[in-house]
Amino acid sequence: MRRILLHLGLHKTGTTAAQSFLFENRELIWPHFALVLPYRTRNSGLSRAATNHSVYGLAGTLSEFERQISAFLDTLDFGEKRGLIVSEENFAGLRPSRNLEQGYAAAPELAASLVNAVRHRFSGQEVEITVYLSLRQRGSWLRSLWAHDLQRMRQVQDLETYCESMETLAPLQATVDRISEALPNVTVLSEWLEDLQKLRFGPGAPFADFLDLHQEKANLLAPPAHSNPRLPEDVLAELLDLNRSRLDEAALVAQKKAIVEHAQKALIGTI
């Protein structure tokens, strides 16, 4: 039986650390599973196809996503027994703060299309498919989205105003529930980031469990090497001030990059 794990985010719930765990342990994973991470999904256009559908919600955008996924899966070497692990948060749709009206409304359709493409790739074979989503408590999640947008966009709202603007977004658990309803014959699992952070592999823990390696190999698994550090409040305030300034876009990007890099070095003690 081929075992398939589809990690569909959600955004800002430890996905960077989860993907770092998978990348750091790719040599142990490869004999058992083909591994698909954002570097491949984004360079190949798969991520864009998913986010396009989450914005436009058309039959054509959904079929295009499934077509591209199917074509991509045909390029992978699965050998006789190899399964598949995919981790790409954009497969749940565009980050909700950039698609406020829709949020994760398209996530069930995208998940179903992804599952259909996997089943088609392994037509006639026995497969066991698991969809996994990581979650985060709402207050912490919104702060993380706000901090991300301060860095990547010209976000000018303070945190309180930002959170008020996001009140219409459904709880993350509701997205999991809707995906479960759309995929009654698929195992849909979720974990809270706050619980995962207490474990040895952090957000990589569900993947370590899924790999189910023999103890000798399991002992070789490395923890995530990378994660997105929580920037201090004073740094976020400085980014907000810059976003509200009259700096042109190039100067704004350069100054924010310098501030974030300095803060990250301070957090890891390299300055």
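Scroll up to find the structure this text is about.
Residues numbered from 1 in each chain as written. Predicted model: local features only at pLDDT ≥ 70, side-chain atom pairs only at ≥ 80, totals over all residues. Heavy atoms only, no water.

### Observations concerning the pairing of strand E4 (residues 127–135)
Then, in step 1: Counting buried residues along E4, 7 of its 9 residues qualify, which places the element largely inside the surrounding structure.
Then, in step 2: In the sheet, strand E1 (residues 2–7) pairs with E4 via 6 bridges, with the strands oriented parallel. Residue pairing for E4: His-7 is matched across the bridge by Tyr-132.
Then, in step 3: Two strands pair when backbone bridges link them, and E4 and strand E5 (residues 187–192) are joined in this way by 6 bridges, in the parallel orientation. Opposite Tyr-132, over in E5, you have Leu-189 as the bridge partner. (Buried < 20%, exposed > 50% of the residue type's maximum accessible area, 1.4 Å probe, protein only. Helix = DSSP H or I, 4+ residues; strand = E, 2+ residues; numbered from the N terminus. Pairing = 2+ DSSP bridges.)

### Observations concerning the pattern of salt bridges
Then, in step 1: On inspection of all chains with the given rule, the structure shows 9 salt bridges.
Then, in step 2: A salt bridge links Arg-42 to Glu-89; its shortest N-O distance comes to 3.4 Å. Residue Arg-42 is found in helix H3 (residues 38–43), and its partner Glu-89 is found in the loop between strand E3 (83–87) and helix H6 (107–121); the two are separated by 47 residues along the sequence.
Then, in step 3: We classify Glu-89 as buried; its relative accessible area is 9%.
Then, in step 4: Salt bridges here are not isolated pairs; linked through shared partners, they connect Arg-42, Glu-88 and Glu-89. (Salt bridge = Lys/Arg side-chain N within 4 Å of Asp/Glu carboxyl O.)

### Re the packing of helix H13 (residues 233–243) against helix H14 (residues 249–267)
Each pair of packed helices gets described by two things: the angle between the helix axes and the distance between those axes.
Then, in step 1: Two elements in contact, H13 and H14, have axes separated by 10 Å at closest approach and are oriented at 175°. If you check the angle between H13 and H14, you find them roughly antiparallel. For the pair H13 and H14, contact is made by Val-235, Glu-238, Leu-239, Leu-242 and Asn-243 and by Leu-252, Gln-255, Lys-256, Ile-259, Val-260 and Ala-263, respectively.
Then, in step 2: Classifying every residue of the contact of H13 with H14 by side-chain character gives 7 nonpolar, 2 polar and 2 charged. (Axes fitted to C-alpha atoms, helices over the stretch in contact; angles between N-to-C directions. Parallel < 35°, antiparallel > 145°, perpendicular 65-115°, else oblique. Contact = heavy atoms within 4.5 Å. Nonpolar A, V, L, I, M, F, W, Y, C, P; charged D, E, K, R; others polar.)

### Side note on the sheet that holds E4
Then, in step 1: The strand order E2-E3-E1-E4-E5 describes an open sheet built from 5 strands, whose pairing is parallel. Looking along the sheet, the strands with just one partner apiece sit at the ends: strand E2 (33–36) and E5. Strand-to-strand twist in this sheet, taken as the mean axis angle between neighbours without regard to direction, amounts to 15°.

### Concerning a negative patch on the surface
Then, in step 1: Taken together, the side chains of Asp-158, Glu-160, Glu-164 and Glu-167 make up a negatively charged region of the molecular surface.
Then, in step 2: Within the element layout of this structure, Glu-167 appears in the loop between helix H8 (159–165) and helix H9 (172–182).
Then, in step 3: In this structure Glu-167 comes out as exposed when scored by relative accessible area, which is 61%. (Patch = residues over 30% accessible without salt bridge, like charges linked within 9 Å, V, L, I, M, F, W, Y side chains within 5 Å. Areas by Shrake-Rupley, 256 points an atom, 1.4 Å probe, with all protein chains shown as cover. Lys, Arg positive; Asp, Glu negative; His and termini not counted. Charge placed at Lys NZ, Arg CZ, Asp CG, Glu CD.)

### Some details on the nonpolar core
Then, in step 1: By size, the foremost hydrophobic cluster in this structure holds 59 residues, and its most contacted members are Leu-6, Leu-84, Phe-91 and Val-131.
Then, in step 2: A per-element tally of this core places H6 first, with 7 residues.
Then, in step 3: Ignoring sequence-local partners within four residues, the contact set of Leu-84 consists of Arg-3, Ile-4, Leu-5, Phe-33, Ala-34, Val-36, Leu-73, Leu-76, Phe-78 and Val-118.
Then, in step 4: Leu-22, Phe-33, Leu-35 and Phe-210 belong to the second-largest nonpolar core, a separate cluster that totals 21 residues. (Core = buried A, V, L, I, M, F, W, Y, C linked by side-chain atoms within 4.5 Å.)

### Some remarks on helix H4 (residues 46–56)
Then, in step 1: Three or more residues of H4 are buried, namely Leu-46, Ser-47, Ala-49, Ala-50, Thr-51, His-53 and Ser-54.
Then, in step 2: The secondary structure elements touched by the buried residues of H4 are H3, helix H5 (59–73) and H6.

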